[in-house]
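Observations on the model geometry
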Amino acid sequence: MGPTPFHIQPNVPGFRRNQLVDPHPGRVRADVEDNLHHFWVEIEHDGKRVLTLRTGAVRQPWTTCDAAGTFLSQRMTGARLDELAAIDSALSHCTHQHDLALLAAAHAGDSTPTLYSSFASDQHEPVQHAELYRNGALQLSWDIAGSEIVSPGLGSGLSLRKLRQWEQDLSASEREMVRVLRRAVFTSGARLYDYSRTPTADKVVESVGACYTFQPERAASSRLIARIRDFDQGDIPLAERIEDVRRQRRSG
């Protein structure tokens, strides 16, 4: 049996994202879906190294996202599973596909799927609320003022923009969860952005250098093709993929 999809914070406007990692002997696939993105990354491996890495974009905001997947494959094929994060800066890649590759590699030896479900509220003032669930169980609940976690618990009093300064004190599992929710928080602002004035990526001047698409050498040729989905009303990101994995695990 695989994880069960569920709707986080019903009727509360906000960013919702699911990331599903489905490992099998010699192969692991990771998927992500939120309002702007729907990508997958699949790695074939020998237990130590990436033999092949494939990517797919079901929904992508920019025309260059496909090429980012090709670049990711070129850079990571042949590398050790436990050294993928050290190959490049995530900012030289599609950060979402890069995150998926690292999640897939980290869980390549698992025997069961892992589902991360994230939520970040549209309300930012005075605080933004964010939650992370792993296989349906709440792991992190943050109130964030600016970039500082102001609620009790893991990360309290620390800045999400200074994660590298404090993440080394965390366990591997905690570090992974913090990174997953941090990415959701930072991506959540895309829900409120007016894309009607940004036909090409170079027009989003505040994001120059932020990922593969926004690198200066290609931003002007990166065209907007976003198909936005709203998950506020009960639809669940990756619902079909999650159910497929449940059926496969049940029948297998």
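Data block above holds the structure.
Residues numbered from 1 in each chain as written. Predicted model: local features only at pLDDT ≥ 70, side-chain atom pairs only at ≥ 80, totals over all residues. Heavy atoms only, no water.

Moving on: unusual backbone geometry. With omega at 0°, the peptide bond leading from Glu125 into Pro126 counts as cis. Of note, the phi angle at Asn135 is positive, near 50°, even though the residue is not glycine. Looking at the secondary structure, you find Asn135 in the loop between β6 (128-134) and β7 (137-145). By relative accessible area, which is 41% here, Asn135 ends up partly exposed. The phi dihedral of Leu238 falls on the positive side, at around 65°, and the residue is not glycine. Mapped onto the elements, Leu238 comes out in the loop between α4 (172-187) and α5 (239-251). (Helix = DSSP H or I, 4+ residues; strand = E, 2+ residues; numbered from the N terminus. Buried < 20%, exposed > 50% of the residue type's maximum accessible area, 1.4 Å probe, protein only.)

Turning next to the sheet that holds strand β5 (residues 114-121). Strand order in this open sheet of 8 strands is β4-β3-β2-β1-β5-β6-β7-β8, and the pairing throughout is antiparallel. Whereas interior strands pair on both sides, the edge strands pair on one side only; in this sheet they are β4 (50-59) and β8 (148-149). Where β5 meets β6, 5 bridges bridge the pair, whose relative direction is antiparallel. Bridged to Tyr116 within β6 is Arg134. Sitting on the sheet, helix α2 (residues 95-106) is in contact with β1 (14-24), β2 (27-33), β3 (38-45), β4 and β5, with an inclination near 40° to β3. (Pairing = 2+ DSSP bridges. Contact = heavy atoms within 4.5 Å. Axes fitted to C-alpha atoms, helices over the stretch in contact; angles between N-to-C directions.)

In terms of burial, β5 is largely enclosed, as 8 of its 8 residues are buried. Burial along β5 is two-sided: Thr114, Tyr116, Ser118 and Ala120 and Leu115, Ser117, Phe119 and Ser121, pointing in opposite directions, are all buried. Where β5 folds back on β6, the antiparallel hairpin that results is connected by 6 residues.

The next subject is the pairing of β1. Among the 11 residues in β1, 10 count as buried, and that is most of the element. In this structure, β1 lies alongside β5, joined through 8 bridges in antiparallel fashion. The partner of Arg17 across the bridge, within β5, is Ser118. Relative to β2, β1 runs antiparallel, the two being bridged by 7 bridges. Residue pairing for β2: Leu20 is matched across the bridge by Asp31. Here β1 folds back onto β2, and the loop between the two strands holds 2 residues, one of which, Gly26, carries a positive phi near 80°.

If you check α5, its first and last C-alpha atoms are 18 Å apart, about what 13 residues at 1.5 Å a residue would give, namely 18 Å. Those residues of α5 that fall on the buried side of the exposure criterion are Arg241, Ile242, Val245, Arg246 and Arg249. Here the buried residues of α5 occupy an arc of 140° about the axis, which is enough to place them on one side. When the buried face of α5 is taken as reference, the exposed residues oriented beyond 90 degrees from it are Glu240 and Ser251. Buried residues belonging to α5 abut β1, β2 and β5. (Expected span 1.5 Å × (residues − 1). Arc of directions from axis to C-beta.)

This brings us to the packing of α2 against α4. Where α2 meets α4, the axes come as close as 12 Å, and the angle between the chain directions of the two elements is 165°. In terms of their interaxial angle, α2 and α4 are classed as roughly antiparallel. In the packing of α2 onto α4, the handedness of the crossing is left-handed. In contact with Thr95, His96, Asp99, Leu103 and Ala106 of α2, α4 contributes Glu176, Val180, Arg183 and Thr187. Residue composition of the contact of α2 with α4, by class: 3 nonpolar, 3 polar and 3 charged. (Parallel < 35°, antiparallel > 145°, perpendicular 65-115°, else oblique. Left-handed = near helix turned anticlockwise from the far one by under 90°. Nonpolar A, V, L, I, M, F, W, Y, C, P; charged D, E, K, R; others polar.)

Here the focus is the pattern of salt bridges. Throughout the structure, instances matching the rule amount to 24 salt bridges. Its salt-bridge partner being Asp230, residue Arg191 comes within 3.8 Å of it at the nearest N-O pair. Of the two residues, Arg191 sits in the loop between α4 and α5 while Asp230 sits in the loop between α4 and α5, which places them 39 residues apart along the sequence. Overall, Arg191 belongs to the partly exposed group, its relative accessible area being 21%. Relative accessible area serves as the criterion here: at 46%, Asp230 is assigned to the partly exposed category. (Salt bridge = Lys/Arg side-chain N within 4 Å of Asp/Glu carboxyl O.)

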